[in-house]
Amino acid sequence: MSQQLIDAIVEMREEDAQAITQQMLDAGTDPLEVLEACRQAMEIIGQRFESGDCFIPELILAGEMLGQVTEVVKPRLQEQQAGQKKLGTVVIGTVQGDIHDIAKDIVAFMLDINGFAVDDLGVDVPPARFVEAARESGAKVVALSGFLTLAYDPMKDTVSAIKAAGLHDVKVMIGGGQIDAQIQDYTGADAYGRDAMAAVNLAKQWYA
Amino acid sequence: MDEPQAPPFVPSAEYLARVKRFDDAVALRKPDRVPVASLAAFFVTRYAGLTNAEAMRDYDRTAEAWKYTTQKLNWDMAPPPFTIFAAPVFQKLGLRTFKWPGQHFGDNLPYQFVEEEYMLADEYDEFLANPSDFVVRKMMPRMATTLQPLGMLPPLHWLSSGYTLFMLGSAVAGAPPFAAMLRQIIEIGEEMNQWNGMQARLGMELAEMGYPMITAAFAEAPFDWMSDMFRGLRGAMLDMYRQPDKLKAAMEIFTDFAIQSALMIAQMSGNPRIFIPLHRGAGGFMSTQQFAEFYWPGLKKLMLALIDAGLTPMPFLEGDYTPRLPFLAELPPGKVLGHFDIVDLDKAKAEIGNIMCFWGNVPASMLVTGTPGQVKDYVKRLIDTFGDTGGLIVDGAVDGVPPDSRPENVEAMTEAVFEYGVY
């Protein structure tokens, strides 16, 4: 049954995924096993995204399916889910002055399904908020998003603010439509990424 | 008394030479020199010393700034000033689809689109059954706070008799919130007249100075219209799986709209070049198969219809268009001007070099944070790659040149075509 659920999610068969989840639960399957199947399915989808075999529609639909399964499974979990161990926390947000959230949301989702705790600060986030969030959560990774060229200076300011706050072991990655190596240099960020899997790989590397 | 008639516009030799230079490049014929023409928006006003907030409010100073920058940089065509938008109109409409400088942002940020599900997933049937009624009574109240009283209207076909029009229609018009909205709409129209008046005067003055306008009209790909304006990225992407037929039916409606509105504005303005900014079709957004099924058919139909009417489609291919080059290669040669953002230059040359003129693509990062030397080297590379056919026009990659570009870098972009681009 687990394999059927994995296949249904990976093949984007939304109704089947819901039906199989219900069948599994009705048959007394451990809810954690259902969640584990979801996790495996998301891992495959992440790999397909990285290899260019699936794209944003699939990520969004997979996110929807994950939400639907979690919703029916959650009431049955009671105390037993002590909480999965996370690989680490990533603070993420779109920088001050920029209200674009699409790319930031996709990166946050991919980090989440790859085992990171994600502290999503939203859009138009001032540098001080990033500093505060990194300090509170003890995150070692901060991810800055920005769609427009106006994001260059707020990214630079945010990197400086993190350094000025003495958070020297925090690494900063940047990404967005007009972000490249030149802007990594300009902002003083530790790395930039062209897509969501690049962000996941950087976070894994920095938390290794 | 009749208004005195303005003397008819007689284009100068310079004006005609610029049009020819541009048209030759589009037709993949070698002009005398590589043209440089930018879709710049707020850069134009910033270069002349205005903040973005001022540019959206002080129409006369914006017009002066436009003339100053166009002449100073000596581009082959003037950037389209309609891209700046009038903040007082936004304000009076209570427009929720944008946030803008001086209102929601600091004075030097650009306006930004606020993407929402202005039509919900379960409203397709209602929209498809009666698009106009749905847009007037449901969407407009969501898009603009001033227009919320439109939601008080009955279904518009209820007003199809003298009795109901007189009794029901007039009663709605007299309801205080509706009446207040009507008064506000008159003010909005008057404000828009000011803005449009400036645009018309500016266009004529630029023409008299010898600078043709790049474009006066824009159209959107039908998928983008549904994704940007109706359903949001998330909504449209889910619709591809959950209700593909309804999404396609709605796109059909907006394919016809895009064609008709572009033809209408081209005829009114006399400007044959239609700007088509593209958003969700870039590489990474959807698969090749999804692009072929959902995105490309409407966009191709739009571009072919414009070409049939003797117009020049100018798609702005924002994002990475390398994976879509085989689709672009289906278009007829010498009829389309493709403005590129990110693309593999050598692949573009190989796959569409004999199909469409390449417009762009000095990277935004270089213009904003780089040096004049870097910019000149990049332009030289563009000329080396695309110059052999004449099918090249130089501009920045995105926003024409971004508003926060270093002036010396933009000047270097222009100088480079004079230095390296004489055929």
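Residues numbered from 1 in each chain as written. Chains lettered and ligands numbered in written order. Predicted model: local features only at pLDDT ≥ 70, side-chain atom pairs only at ≥ 80, totals over all residues.

As a further point, take the overall build of chain B. A count of helices and strands for chain B gives 17 helices and 8 strands. Relative to the 2.2 N^0.38 estimate, which gives 22 Å for 423 residues, the radius of gyration of chain B is 23 Å and therefore close to what a compact globule would have. Looking at chain B residue by residue over its 423 residues, the buried ones come to 46%. The long-range share in chain B, meaning contacts at least 24 apart out of those at least 6 apart in sequence, stands at 71%. (Helix = DSSP H or I, 4+ residues; strand = E, 2+ residues; numbered from the N terminus. Rg over C-alpha atoms; globule rule 2.2 N^0.38 Å. Buried ≥ 20, exposed ≤ 12 C-beta atoms within 10 Å, placed from the backbone. Contact = placed C-beta atoms within 7 Å.)

At the junction of the two partners, chain A supplies 21 residues and chain B supplies 28 residues. Counting residues per element, the ones that place at least two in the side of chain A that touches chain B are α4 (56-73) and α8 (181-187) of chain A. With 5 residues, the top contributor of residues to the side of chain A that touches chain B is α4(A). Class assignment for the residues of the side of chain A that touches chain B results in 13 nonpolar, 5 polar and 3 charged. (Nonpolar A, V, L, I, M, F, W, Y, C, P; charged D, E, K, R; others polar.)

Residue and element names in this part refer to chain B. For strand β5 (residues 312-320), a buried count of 8 out of 9 residues is recorded, marking the element as mostly surrounded by other parts of the structure. Strand direction decides the pairing type here: strand β4 (residues 273-278) and β5, joined by 6 bridges, are parallel. Directly across from Pro277, in β5, lies its bridge partner Phe316. Considered for its hand, the β-α-β crossover made up of β4, helix α12 (residues 288-308) and β5 is right-handed. The pairing of β5 with strand β6 (residues 337-342) spans 3 bridges and is parallel. Pairing of Leu317 across the sheet is with Phe340, part of β6. (Pairing = 2+ DSSP bridges. Right-handed = clockwise from strand over helix to strand, strands pointing away.)

All names here are of chain A. Along its sequence, chain A is carved into domain 1 (2-76) and domain 2 (89-207). Averaged C-alpha coordinates put domain 1 and domain 2 at centres separated by 28 Å. Taken together, the 7 residues of domain 1 in the interface contact 7 residues of domain 2. Of all elements in the fold, only α3 (31-50) and α4 reach the threshold of two or more residues within the side of domain 1 that touches domain 2. Broken down by element, the residue count for the side of domain 1 that touches domain 2 peaks at 4 residues, all from α3. A per-class count over the side of domain 1 that touches domain 2 returns 4 nonpolar, 2 polar and 1 charged. (Domains from an automatic or database assignment.)

Below, the discussion takes up the sheet that holds strand β3 (residues 217-218) of chain B. Residue and element names in this part refer to chain B. Strand order across the open sheet formed by 6 strands is β3-β4-β5-β6-β7-β8, with parallel pairing between neighbours. With one partner strand each, in any of the chains shown, β3 and β8 (392-396) form the two edges of the open sheet. The sheet contacts of helix α1 (residues 13-26) involve β5, β6, β7 (357-362) and β8, and relative to β8 the element is tilted by about 105°. (Axes fitted to C-alpha atoms, helices over the stretch in contact; angles between N-to-C directions.)

Attention now goes to the environment of B:Leu238. Residues and elements named next belong to chain B. Along the chain, Leu238 turns up in helix α10 (residues 222-242). By the C-beta count within 10 Å, which is 20 here, Leu238 ends up buried. Along the chain, Leu238 and Gln148 lie 90 residues apart, while their C-alpha atoms are 28 Å from each other.

All names here are of chain A. Read from one edge to the other, the open sheet built from 5 strands follows the order β2-β1-β3-β4-β5, with strand pairing classed as parallel. Here the strands that pair on one side only, and so sit at the sheet edges, are β2 (117-120) and β5 (191-193). When the angles between neighbouring strand axes are averaged without regard to direction, this sheet yields 25°. The pairing of strand β3 (residues 141-145) with strand β4 (residues 171-175) spans 5 bridges and is parallel. Paired with Val141 across the strands is Lys171, a residue of β4. Lying over the sheet, helix α5 (residues 102-113) contacts β1 (89-94), β2, β3 and β4, oriented at roughly 170° with respect to β1.

The next point concerns unusual backbone geometry. A positive phi is found at A:Asp124, a non-glycine position, where the angle reads about 55°. As for its placement among the helices and strands, A:Asp124 is situated in the loop between β2 and α6 (127-137). At B:Phe85, a residue that is not glycine, the phi angle is positive and equals roughly 75°. Position of B:Phe85 among the secondary structure elements: in the loop between α4 (59-73) and α5 (87-93).

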